Amino acid sequence: MFDLLPDFWIPVISAAEIGNTPVAVELAGERLVLFRNSTDDIGALLDRCPHRGAALSLGHISAKGCLECPYHGWQFDQNGNCTHVPLNNPNALKLSRLAAVSFPTRIIAGLVWIFTGQGKPKTINIPTSLMGAHNSYFIHHEVWNAHWTRLVENALDYVHVPFVHRNSFGGEIGEPAIAAGSFAKFQIVPTEQGIQVFSYYHNIKSGFAFEWYQPNLVVLKFDEMGMPVRIHSFAIPINQHQTRYLLVIQFIDPDAISMIHEFIEPIVEDRVVVESQNGEIPLIGEANVPTDQPTLSFRRWYHQAISRQAVPI
Ligand code: FES
Ligand SMILES: [Fe+2]
(Lines give C-alpha, C1' and ligand atoms only; values in the text may rest on other atoms or scores of the structure.)
(Ligands and ions follow the chains in the order given, each with its own letter.)
Protein backbone atom coordinates (compact mmCIF):
# COMPACT_ATOMS: atom_id res chain seq x y z
CA MET A 1 0.00 0.00 0.00
CA PHE A 2 0.99 3.66 -0.38
CA ASP A 3 3.58 2.59 -2.98
CA LEU A 4 4.40 6.19 -3.93
CA LEU A 5 5.68 6.95 -0.41
CA PRO A 6 5.55 3.96 1.94
CA ASP A 7 6.64 3.83 5.59
CA PHE A 8 6.50 7.52 6.58
CA TRP A 9 4.32 9.78 8.69
CA ILE A 10 2.72 12.15 6.15
CA PRO A 11 0.43 15.15 6.85
CA VAL A 12 -2.67 15.04 4.67
CA ILE A 13 -5.04 17.85 5.57
CA SER A 14 -5.75 20.44 8.25
CA ALA A 15 -7.50 18.89 11.28
CA ALA A 16 -9.86 21.89 11.30
CA GLU A 17 -11.30 20.64 7.99
CA ILE A 18 -12.63 17.46 9.61
CA GLY A 19 -16.04 18.37 11.00
CA ASN A 20 -19.05 16.15 11.61
CA THR A 21 -19.12 14.56 8.16
CA PRO A 22 -16.61 12.06 6.70
CA VAL A 23 -13.92 13.49 4.42
CA ALA A 24 -12.49 11.57 1.45
CA VAL A 25 -8.78 12.06 0.71
CA GLU A 26 -6.36 10.27 -1.59
CA LEU A 27 -2.84 9.70 -0.28
CA ALA A 28 -0.05 8.06 -2.27
CA GLY A 29 -2.54 6.24 -4.49
CA GLU A 30 -4.84 5.02 -1.68
CA ARG A 31 -8.37 6.33 -1.17
CA LEU A 32 -8.99 7.07 2.52
CA VAL A 33 -11.81 8.43 4.63
CA LEU A 34 -11.15 10.64 7.66
CA PHE A 35 -13.72 11.23 10.38
CA ARG A 36 -13.98 12.63 13.88
CA ASN A 37 -15.49 10.40 16.59
CA SER A 38 -17.43 11.41 19.71
CA THR A 39 -14.22 12.01 21.73
CA ASP A 40 -12.77 14.23 18.97
CA ASP A 41 -10.20 11.64 17.88
CA ILE A 42 -9.67 11.41 14.13
CA GLY A 43 -9.87 8.02 12.44
CA ALA A 44 -8.43 7.16 9.02
CA LEU A 45 -9.87 4.12 7.23
CA LEU A 46 -9.49 2.74 3.75
CA ASP A 47 -12.43 4.25 1.87
CA ARG A 48 -13.80 0.83 1.02
CA CYS A 49 -16.30 -1.07 3.15
CA PRO A 50 -15.13 -4.63 3.97
CA HIS A 51 -18.68 -5.87 3.21
CA ARG A 52 -19.29 -5.00 -0.45
CA GLY A 53 -16.71 -2.32 -1.13
CA ALA A 54 -18.87 0.83 -1.01
CA ALA A 55 -17.10 4.15 -0.32
CA LEU A 56 -17.40 4.76 3.43
CA SER A 57 -16.93 8.49 2.79
CA LEU A 58 -20.49 8.54 1.38
CA GLY A 59 -21.81 7.48 4.78
CA HIS A 60 -22.32 9.50 7.94
CA ILE A 61 -21.24 9.63 11.57
CA SER A 62 -23.58 7.80 13.97
CA ALA A 63 -24.79 9.22 17.29
CA LYS A 64 -22.07 7.14 18.98
CA GLY A 65 -19.33 8.62 16.77
CA CYS A 66 -18.88 5.62 14.47
CA LEU A 67 -18.68 5.82 10.68
CA GLU A 68 -21.76 4.23 9.10
CA CYS A 69 -21.48 2.70 5.62
CA PRO A 70 -23.96 4.23 3.13
CA TYR A 71 -24.93 0.81 1.68
CA HIS A 72 -26.09 -1.57 4.47
CA GLY A 73 -25.34 0.55 7.52
CA TRP A 74 -22.43 -1.35 9.08
CA GLN A 75 -20.66 0.88 11.60
CA PHE A 76 -16.93 1.23 12.33
CA ASP A 77 -14.97 2.99 15.06
CA GLN A 78 -11.79 5.04 14.47
CA ASN A 79 -9.66 1.90 14.69
CA GLY A 80 -11.72 0.17 12.01
CA ASN A 81 -13.49 -2.20 14.43
CA CYS A 82 -16.97 -3.12 13.24
CA THR A 83 -19.36 -2.11 16.02
CA HIS A 84 -22.78 -2.75 14.48
CA VAL A 85 -24.31 -4.82 11.66
CA PRO A 86 -28.00 -3.90 11.21
CA LEU A 87 -30.59 -6.69 10.83
CA ASN A 88 -28.00 -9.24 11.98
CA ASN A 89 -26.87 -10.38 15.38
CA PRO A 90 -23.17 -11.25 15.04
CA ASN A 91 -21.36 -12.43 18.17
CA ALA A 92 -18.12 -10.73 19.26
CA LEU A 93 -15.93 -13.19 17.35
CA LYS A 94 -17.84 -12.66 14.12
CA LEU A 95 -17.78 -8.86 14.59
CA SER A 96 -14.00 -8.93 15.08
CA ARG A 97 -13.67 -10.45 11.61
CA LEU A 98 -15.60 -7.63 9.92
CA ALA A 99 -13.13 -4.81 10.56
CA ALA A 100 -12.31 -2.07 8.05
CA VAL A 101 -8.66 -1.33 7.22
CA SER A 102 -7.43 1.49 9.49
CA PHE A 103 -4.27 3.61 9.65
CA PRO A 104 -2.51 5.30 12.60
CA THR A 105 -3.16 9.05 12.85
CA ARG A 106 -1.68 11.93 14.84
CA ILE A 107 -2.44 15.64 15.05
CA ILE A 108 0.67 17.82 14.83
CA ALA A 109 0.84 21.53 13.99
CA GLY A 110 -2.91 21.50 13.32
CA LEU A 111 -2.49 18.81 10.64
CA VAL A 112 -3.75 15.22 10.45
CA TRP A 113 -0.75 12.91 9.89
CA ILE A 114 -1.09 9.33 8.67
CA PHE A 115 1.50 6.56 8.88
CA THR A 116 1.91 4.88 5.48
CA GLY A 117 3.75 1.78 6.74
CA GLN A 118 2.62 -1.62 7.93
CA GLY A 119 2.82 -2.73 11.56
CA LYS A 120 4.05 -0.56 14.42
CA PRO A 121 4.43 3.09 13.34
CA LYS A 122 7.97 4.40 13.48
CA THR A 123 9.02 7.48 15.44
CA ILE A 124 7.98 10.74 13.84
CA ASN A 125 10.83 13.18 13.11
CA ILE A 126 9.81 16.78 12.59
CA PRO A 127 11.50 20.16 13.06
CA THR A 128 10.90 21.93 16.37
CA SER A 129 9.16 24.67 14.39
CA LEU A 130 6.24 22.23 13.91
CA MET A 131 5.89 21.48 17.62
CA GLY A 132 3.88 24.59 18.54
CA ALA A 133 0.23 24.80 19.59
CA HIS A 134 -2.16 23.45 16.95
CA ASN A 135 -3.77 26.84 16.44
CA SER A 136 -0.51 28.77 15.97
CA TYR A 137 -0.10 27.85 12.29
CA PHE A 138 -1.34 29.30 9.05
CA ILE A 139 -2.17 26.39 6.70
CA HIS A 140 -2.76 26.59 2.96
CA HIS A 141 -3.06 23.68 0.54
CA GLU A 142 -3.79 23.19 -3.14
CA VAL A 143 -3.56 20.40 -5.71
CA TRP A 144 -0.89 20.54 -8.43
CA ASN A 145 -0.93 18.34 -11.54
CA ALA A 146 2.63 17.11 -11.07
CA HIS A 147 4.61 14.27 -9.49
CA TRP A 148 5.48 14.94 -5.82
CA THR A 149 9.23 14.71 -6.48
CA ARG A 150 9.04 17.75 -8.78
CA LEU A 151 7.53 19.82 -5.96
CA VAL A 152 10.29 18.84 -3.52
CA GLU A 153 12.90 19.84 -6.08
CA ASN A 154 11.16 23.16 -6.69
CA ALA A 155 11.36 23.92 -2.95
CA LEU A 156 15.07 22.96 -2.90
CA ASP A 157 15.93 25.08 -5.95
CA TYR A 158 16.66 28.77 -5.39
CA VAL A 159 18.34 29.33 -8.73
CA HIS A 160 14.86 29.58 -10.25
CA VAL A 161 13.90 32.60 -8.14
CA PRO A 162 15.06 35.41 -10.51
CA PHE A 163 13.24 33.77 -13.44
CA VAL A 164 10.06 32.11 -12.14
CA HIS A 165 9.45 34.95 -9.70
CA ARG A 166 10.69 37.79 -11.92
CA ASN A 167 7.43 39.70 -11.54
CA SER A 168 7.07 39.24 -7.78
CA PHE A 169 9.87 38.98 -5.22
CA GLY A 170 12.43 37.36 -7.52
CA GLY A 171 13.31 40.34 -9.69
CA GLU A 172 14.50 42.41 -6.77
CA ILE A 173 16.56 39.51 -5.41
CA GLY A 174 17.98 38.05 -8.59
CA GLU A 175 18.47 40.88 -11.05
CA PRO A 176 21.29 42.62 -9.12
CA ALA A 177 23.08 39.27 -8.82
CA ILE A 178 22.75 38.51 -12.51
CA ALA A 179 23.82 42.07 -13.43
CA ALA A 180 26.85 41.72 -11.13
CA GLY A 181 27.89 38.49 -12.87
CA SER A 182 27.35 36.46 -9.69
CA PHE A 183 27.78 32.72 -9.35
CA ALA A 184 25.41 30.76 -7.11
CA LYS A 185 27.21 28.97 -4.27
CA PHE A 186 26.04 26.48 -1.66
CA GLN A 187 27.00 25.22 1.74
CA ILE A 188 25.38 21.81 2.11
CA VAL A 189 25.51 19.99 5.44
CA PRO A 190 24.11 16.44 5.64
CA THR A 191 21.81 15.85 8.61
CA GLU A 192 20.24 12.71 10.04
CA GLN A 193 17.06 13.39 8.06
CA GLY A 194 18.24 15.20 4.96
CA ILE A 195 20.37 18.27 4.29
CA GLN A 196 20.81 21.84 5.49
CA VAL A 197 21.57 24.30 2.71
CA PHE A 198 22.75 27.88 2.63
CA SER A 199 22.45 29.27 -0.88
CA TYR A 200 24.15 32.57 -1.78
CA TYR A 201 25.91 34.51 -4.54
CA HIS A 202 29.70 34.57 -4.49
CA ASN A 203 29.91 38.38 -4.50
CA ILE A 204 26.77 39.24 -2.49
CA LYS A 205 26.49 38.61 1.24
CA SER A 206 22.80 37.65 1.64
CA GLY A 207 21.28 34.29 0.73
CA PHE A 208 18.67 31.66 1.57
CA ALA A 209 18.84 29.09 4.36
CA PHE A 210 16.70 26.01 4.01
CA GLU A 211 16.51 22.43 5.18
CA TRP A 212 15.13 19.26 3.62
CA TYR A 213 13.55 16.67 5.91
CA GLN A 214 13.00 13.25 4.36
CA PRO A 215 10.86 12.51 2.60
CA ASN A 216 8.86 15.55 1.46
CA LEU A 217 9.36 18.62 3.65
CA VAL A 218 11.49 21.69 2.87
CA VAL A 219 11.73 24.45 5.49
CA LEU A 220 12.76 27.95 4.42
CA LYS A 221 14.25 29.94 7.30
CA PHE A 222 14.59 33.70 7.63
CA ASP A 223 13.87 36.57 9.99
CA GLU A 224 11.14 39.13 9.47
CA MET A 225 10.91 42.22 11.66
CA GLY A 226 13.49 40.60 13.93
CA MET A 227 11.41 37.44 14.44
CA PRO A 228 12.21 33.99 13.03
CA VAL A 229 9.85 32.85 10.26
CA ARG A 230 9.76 29.21 9.15
CA ILE A 231 7.93 28.34 5.95
CA HIS A 232 7.23 24.61 5.70
CA SER A 233 6.48 23.27 2.21
CA PHE A 234 5.17 19.71 2.04
CA ALA A 235 4.80 17.81 -1.26
CA ILE A 236 2.15 15.20 -0.50
CA PRO A 237 1.60 12.59 -3.20
CA ILE A 238 -2.06 12.10 -4.10
CA ASN A 239 -1.28 9.76 -7.00
CA GLN A 240 1.29 9.51 -9.81
CA HIS A 241 -0.02 12.66 -11.46
CA GLN A 242 -1.23 14.88 -8.64
CA THR A 243 0.35 16.32 -5.51
CA ARG A 244 -1.04 18.33 -2.63
CA TYR A 245 1.14 21.38 -2.00
CA LEU A 246 0.79 22.12 1.71
CA LEU A 247 2.20 25.33 3.14
CA VAL A 248 2.49 25.65 6.93
CA ILE A 249 3.75 28.87 8.50
CA GLN A 250 4.23 29.58 12.17
CA PHE A 251 4.37 33.27 12.94
CA ILE A 252 5.82 33.95 16.36
CA ASP A 253 4.41 37.47 16.06
CA PRO A 254 0.64 37.30 15.34
CA ASP A 255 0.77 40.75 13.68
CA ALA A 256 2.92 39.26 10.91
CA ILE A 257 -0.07 37.21 9.71
CA SER A 258 -1.04 40.26 7.62
CA MET A 259 1.95 39.49 5.38
CA ILE A 260 0.69 36.02 4.51
CA HIS A 261 -0.39 37.05 1.00
CA GLU A 262 3.27 37.72 0.17
CA PHE A 263 3.91 33.99 0.53
CA ILE A 264 0.72 32.73 -1.12
CA GLU A 265 0.60 34.88 -4.26
CA PRO A 266 3.91 33.72 -5.84
CA ILE A 267 2.94 30.02 -5.49
CA VAL A 268 1.07 30.06 -8.79
CA GLU A 269 4.31 31.16 -10.51
CA ASP A 270 5.99 27.92 -9.35
CA ARG A 271 2.94 25.83 -10.12
CA VAL A 272 2.75 26.81 -13.80
CA VAL A 273 6.37 25.80 -14.41
CA VAL A 274 6.35 22.63 -12.28
CA GLU A 275 3.16 21.38 -13.97
CA SER A 276 4.96 21.75 -17.32
CA GLN A 277 7.62 19.22 -16.24
CA ASN A 278 7.48 15.62 -17.32
CA GLY A 279 6.41 13.27 -14.50
CA GLU A 280 8.61 11.78 -11.77
CA ILE A 281 12.25 12.93 -11.50
CA PRO A 282 14.19 10.59 -13.79
CA LEU A 283 17.29 8.60 -12.92
CA ILE A 284 19.02 9.70 -16.12
CA GLY A 285 18.16 11.89 -19.10
CA GLU A 286 18.20 15.41 -17.62
CA ALA A 287 21.29 17.64 -17.75
CA ASN A 288 22.90 18.88 -14.53
CA VAL A 289 25.11 21.84 -13.55
CA PRO A 290 26.80 22.79 -10.24
CA THR A 291 23.78 24.84 -9.11
CA ASP A 292 21.72 21.64 -9.06
CA GLN A 293 23.59 20.30 -6.01
CA PRO A 294 20.70 20.47 -3.50
CA THR A 295 18.23 18.81 -5.87
CA LEU A 296 20.80 16.16 -6.79
CA SER A 297 21.08 15.26 -3.08
CA PHE A 298 17.33 14.66 -3.09
CA ARG A 299 17.52 12.68 -6.35
CA ARG A 300 20.19 10.35 -5.00
CA TRP A 301 18.14 9.64 -1.88
CA TYR A 302 14.89 9.23 -3.83
CA HIS A 303 16.28 6.71 -6.30
CA GLN A 304 17.94 4.70 -3.54
CA ALA A 305 15.23 4.80 -0.87
CA ILE A 306 11.91 5.16 -2.70
CA SER A 307 12.06 4.31 -6.39
CA ARG A 308 14.77 1.71 -5.58
CA GLN A 309 16.64 2.20 -8.81
CA ALA A 310 20.42 1.94 -8.94
CA VAL A 311 22.32 5.23 -8.84
CA PRO A 312 24.71 5.70 -11.79
CA ILE A 313 28.38 6.29 -10.98
S1 FES B 1 -21.14 -2.34 1.53
FE2 FES B 1 -20.86 -1.40 3.44
S3 FES B 1 -22.34 -2.28 4.70
FE4 FES B 1 -22.56 -3.32 2.83
FE1 LIG C 1 9.54 29.33 -6.35
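Everything that follows concerns the structure shown earlier in this document.
All figures in this text were calculated on a predicted structure; none of them were measured in a lab. (Residues numbered from 1 in each chain as written. Chains lettered and ligands numbered in written order. Predicted model: local features only at pLDDT ≥ 70, side-chain atom pairs only at ≥ 80, totals over all residues. Heavy atoms only, no water.)

Peer 1: What should I look at first to understand the overall build of the protein in this one?
Peer 2: In terms of helices and strands, the protein carries 7 helices and 18 strands. Reported as C-alpha extents along the three principal axes, the dimensions of the protein are approximately 80 × 50 × 30 Å. Put simply, the protein has 313 residues, and 48% of those count as buried. Sequence-distant contacts, at least 24 apart, represent 54% of the contacts inside the protein between residues at least 6 apart. When the accessible surface of the protein is summed, it comes to about 15800 Å², and 52% of that surface belongs to carbon and sulfur atoms. (Helix = DSSP H or I, 4+ residues; strand = E, 2+ residues; numbered from the N terminus. Buried < 20%, exposed > 50% of the residue type's maximum accessible area, 1.4 Å probe, protein only. Contact = heavy atoms within 4.5 Å. Areas by Shrake-Rupley, 256 points an atom, 1.4 Å probe, with all protein chains shown as cover.)

Peer 1: Explanation requested: the sheet that holds strand β2 (residues 23–27) in the structure shown.
Peer 2: What holds strands together in a sheet is hydrogen bonding between their backbones, with the strands either parallel or antiparallel. Pairing is antiparallel across the open sheet formed by 4 strands, whose spatial order is β2-β3-β4-β9. Where the open sheet ends on each side, the last strands, each with one partner, are β2 and β9 (102–103). In this sheet, β9 lies alongside strand β4 (residues 42–46) in antiparallel orientation, the contact comprising 2 bridges. Paired with Leu45 across the strands is Ser102, a residue of β9. (Pairing = 2+ DSSP bridges.)

Peer 1: Would you take a moment to explain the coordination of the iron ion (ligand 2) for this structure?
Peer 2: Expected angles at a metal are 109.5 degrees for tetrahedral coordination by four donors and either 90 or 180 degrees for octahedral coordination by six donors. Listed as protein donors to the iron ion (ligand 2) are His160 (NE2), His165 (NE2), Asp270 (OD) and Asp270 (OD); their distances from the metal cover 2.0 to 2.7 Å. Positions of the donor residues of the iron ion (ligand 2) along the chain correspond to the pattern H-x4-H-x104-D. We classify His160 as buried; its relative accessible area is 12%. (Donors = N, O, S within 2.8 Å, 3.2 Å for Na, K, Ca; no water.)

Peer 1: What should I look at first to understand helix α2 (residues 148–156) in this one?
Peer 2: Note on helix geometry: an α-helix contains 3.6 residues per turn, so any two residues three or four positions apart are oriented the same way. Most of α2 is tucked away: 9 of the 9 residues are buried. All of the buried residues along α2 are Trp148, Thr149, Arg150, Leu151, Val152, Glu153, Asn154, Ala155 and Leu156.

Peer 1: I would appreciate a short explanation of the sheet that holds strand β17 (residues 227–237) in the present structure.
Peer 2: Across the sheet, 7 strands lie side by side as β12-β18-β17-β16-β15-β14-β13; this open sheet has antiparallel pairing. A single partner strand is all that each edge strand has here, and the edge strands are β12 (137–144) and β13 (184–191). Sheet twist, expressed as the average angle between the axes of neighbouring strands with direction ignored, equals 20°. Here β13 runs beside strand β14 (residues 194–201); their pairing, made up of 8 bridges, is antiparallel. Across the sheet, residue Thr191 finds its bridge partner in β14, namely Gly194. (Axes fitted to C-alpha atoms, helices over the stretch in contact; angles between N-to-C directions.)

Peer 1: What is the right way to read the pattern of salt bridges from this model?
Peer 2: In total, this model carries 7 salt bridges according to the counting rule given. Between Glu286 and Arg299 there is a salt bridge, with the nearest N and O atoms lying 2.8 Å from each other. In this pair, Glu286 sits in the loop between α6 (267–275) and α7 (293–305) while Arg299 sits in helix α7, placing the two residues 13 residues apart along the sequence. Connected through shared salt-bridge partners, Arg150, Glu153, Glu286 and Arg299 make up one network. (Salt bridge = Lys/Arg side-chain N within 4 Å of Asp/Glu carboxyl O.)

So yeah, pure geometry; function would need other evidence.
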